[in-house]
Amino acid sequence: MLSGPGPHTLAILTDKSDEALPILRHSTAHVMAAAVRRIYGENVKFGIGPSIEDGFYYDFDLPQRIADEDLARIEAEMAGIVAAAEPFVREEVSLPAAAHLMRAAGQDYKVELLEAIAAGGLAPGDPVEGAQAKPAPEKPASVTLYRTGDFVDLCRGPHVPHAGKIPAFKLLTVAGSYWRGDPTRPMLQRIYGTAFFSRKALDEHLKRIEEAKRRDHRRIGKDLDLFSFHDEGPGFVFMHPAGMIVLNEMLDFWRGLHREAGYVEVRTPVILSEALWHRSGHWDHYREAMYFTKIDEADYAVKPMNCPGGLLIYLNKPHSYRELPIRMGELGMVHRHELAGVLHGLLRVRQFTQDDAHIFCLPEQLQDEVLGIIHLVDRIYRTFGFEDVRVELSTRPKHSIGTDEMWEHATGALRGALEARGMTYKVNEGEGAFYAPKIDYHIRDCLGRSWQCGTIQVDLAMPERFDLTYVGADNTEHRPAMIHRAILGSIERFLGILIEHYAGDFPLWLAPVQAAVLPVSDRFNAYAGSAAAALRGAGLRVEVDDTSDKVGAKIRRASLRKIPYMLIVGDKEAAAGTLSVRDKAAGDLGAEPLEAFIRRAAQEVRERRLRPKAAQKVLSDEC
Ligand SMILES: [Zn+2]
Ligand SMILES: [Zn+2]
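**Student:** Can you explain the overall build of the protein? Please cite residues and give values.
**Tutor:** When helices and strands are tallied, the protein shows 18 helices and 28 strands. Along the three orthogonal principal directions, the C-alpha set of the protein runs to about 90 × 75 × 55 Å. Out of the 623 residues belonging to the protein, those deemed buried represent 50%. When contacts within the protein are restricted to residue pairs at least 6 apart in sequence, those whose partners lie at least 24 apart make up 70%. Of the roughly 29,500 Å² that the protein leaves accessible, carbon and sulfur atoms contribute 52%.

**Student:** Could you give me a rundown of the coordination of the zinc ion (ligand 1), with the residues and numbers involved?
**Tutor:** Only H26 (NE2), H30 (NE2), C155 (SG) and H159 (NE2) from the protein coordinate the zinc ion (ligand 1), and they sit 1.8 to 2.1 Å from it. Note that the zinc ion (ligand 1) binds four donor atoms; their angles at the metal cover 93 to 128 degrees, and the shape is tetrahedral. Mapped onto the sequence, the donors of the zinc ion (ligand 1) take the spacing H-x3-H-x124-C-x3-H. Remark: C155 occurs in the loop between β6 (151–154) and β7 (168–178) and H30 occurs in helix α1 (residues 20–40); sequence separation between them is 125 residues. For the pair formed by H30 and C155, the shared burial category is buried.

**Student:** Got a sec to walk through the coordination of the zinc ion (ligand 2)? Specific residues and values, please.
**Tutor:** Looking at the metal site, the zinc ion (ligand 2) is ligated by C307 (SG), H358 (NE2) and H484 (ND1), spaced 2.0 to 2.3 Å from it. All donors of the zinc ion (ligand 2) belong to a single chain; written as a sequence motif, their spacing is C-x50-H-x125-H. Of this pair, H358 sits in strand β16 (residues 351–361) while H484 sits in strand β23 (residues 481–490), and the two are 126 residues apart along the sequence. For the pair H358 and H484, one class covers both residues: buried.

**Student:** So, the side chain of E112: which residues are in play, and what are the values?
**Tutor:** With respect to the helices and strands, the residue E112 is situated in helix α4 (residues 108–118). Leave out the neighbours within four places in its chain, and E112 touches W179, R180 and R185.

**Student:** How would you sum up the confidence of the model for the protein? Please name residues and give values.
**Tutor:** With 92% of its residues at a pLDDT of at least 70, the protein reaches an overall mean of 91. Ignoring residues within four places in sequence, the model shows residues 1–14, a span with pLDDT below 50, making eleven contacts including any to other chains. Per-residue pLDDT stays below 50 along residues 125–136; that stretch engages in 15 contacts with residues further than four places along the chain or on separate chains.

**Student:** A description of the pairing of β6 should follow, citing residues and the corresponding values.
**Tutor:** In β6, alternate side chains face the same way, and those of F151 and D153 on one face and V152 and L154 on the other are all buried. Taking the residues that link successive antiparallel strands as the turn, the strand β5 (residues 142–148)-β6 hairpin has two residues, and the phi of G149 there is positive, at about 60 degrees.

Procedures and definitions
Going along each chain's sequence as written, the residues are numbered from 1 onward. Each chain gets a letter, beginning with A, and each ligand a number, beginning with 1, in the order they are written. Only residues with pLDDT of at least 70 get local features here, since the model is predicted, and only at 80 or more are side-chain atom pairs given and counted; chain-wide, interface and lining totals rely on the full set of residues. In computing side-chain values, all of the structure's heavy atoms are included and hydrogens and water are not. What counts as a helix is a DSSP run of H or I of at least four residues, what counts as a strand is a run of E of at least two, and both are numbered from the N terminus. Only protein chains enter the area calculation, which uses a 1.4 Å probe; residues under 20% of their type maximum are buried, those over 50% are exposed, and those in between are partly exposed. Here, residues are in contact when the closest pair of their heavy atoms is within 4.5 Å. With residues, only the protein chains shown are counted as cover, and all accessible areas are computed by Shrake-Rupley using a 1.4 Å probe. Note: metal donors comprise N, O and S atoms at 2.8 Å or less from the metal (3.2 Å for Na, K and Ca); water molecules are not included, so apparent gaps in a site are possible. Every geometry call rests on angle ranges, with four donors termed tetrahedral when all angles are between 85 and 135 degrees, four termed square planar and six termed octahedral when opposite donors are over 155 degrees apart and all others are between 65 and 115, and everything else termed irregular. What pLDDT reports is the predictor's confidence in each residue, on a scale of 0 through 100. Strands were regarded as paired on the criterion that DSSP finds at least two bridges between them.

See the structure below:
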């Protein structure tokens, strides 16, 4: 178990510590702002400049447009500030004094932030977006200003002591961004950059950015003709035949494992009465993200989650303790309204399929059920090649429903299951949902990016709201325990993650086309055709390239389409009943009898083997 440092832990920030990097990056944002002020003069208005996951940004309001070409000039100015080791000078001033200073400097956005602080709606140093969601802090008597050269910023700190402490930085892109994320406010120019404690770490990061572009699932999805998006349905994916093959293989695998694990499968309607969503609580907590419609004058909603449908099936008849646990899986299509600006290929869509399941069990079965889910998650992630998996347990938040006893039992079942499996996990105290403690899974892809996919939640609210019961051995009614869980999360998003993780080089069992038979000339088209028929007979997905192109061109084409096996046939092969096998990842494997190749390929599919490393190699042997 990992736990946070206690109140008396002395924090020593070394260059490598996780806390130090955001400080370095945020400090670099100040240096960038100082450089922008030097170049563009006093009429630059400054927004905010926080550190973010992989770097930092700063928002600027100025008459000129900053183009990507201008970044080098800003970088050069920044290098000067770094070389001069300009100090970060801290000043504590009263709120009115700070407001006076910023107003005199025409810094309207800073004035607005100071007004928000004065009104108690914002703590000094709070990130601006989302600040309203927090309870109002105490009104501070003073704020801190930091001066770098002639650039003065309203900031809580901390920073590096001087700019000379910034060893390696790079500006990346410019993008438009509304002030405070509000489309009715001015559009500012946001410059993104990053900083590291060494040139080497920065170079590796830049290489990763390039690699991420190469692996972008939107580009690969287009190249391999897997899916598309259209203006007629923003955020709604169109799956093409090749994409459907991958998706269906994923689902076949998923269904097989779930059958083995004792799940049943259901499908519940996409549109259900609005009253149901009031009862489930989604109306209160989720309305903003839901779509609504009318049928025969009555109000209906498009489901954002599958739970209420599953509950109606459970309620459809009485249950005895002997039937429990009921593990009810649903590959349920849900719709959620995401803002147009955040839609991102398959990774952020408005319609997706959850690999959902609801488990109804006796309270004393809870821990075993969680253990069973953990086991399933493990098998599924491993099969797709994700070994680096982080697990987090989120416990009871301050505002929650249910009794202490319920929370202890539910949280204990999650914790007990993790411990029974000997798993390392992080505890997020107080970060559970108001109705449920939960386990979240984060998988790391071969670029080191982390994706939250699986979740296991023990629901303390729904069984009450829907008055779920079972008849116990004592012949009276009891309340069952209920678990919500998803493993892949969204099937569509998981496909997007897979495409990027594999760079489009799918394992054989998922590849839309598994082998291409390439006759060296049209004299061998007949043999190629009969070999392809034999391969198809064994269940393999095969194409024959019987164009009149040279075999080199056919190999290039198959390789670009990321077909795992290229089977070249000419004189020798036709005479001997063999294939010259070329593995896209491992290279030439030489001649192999047709039957032997079929057996080998079929086994590779059956075992859902990952492709040889060479196909997925990125920066080192990470993948
Ligand atoms: Zn700062
Ligand atoms: Zn659910």
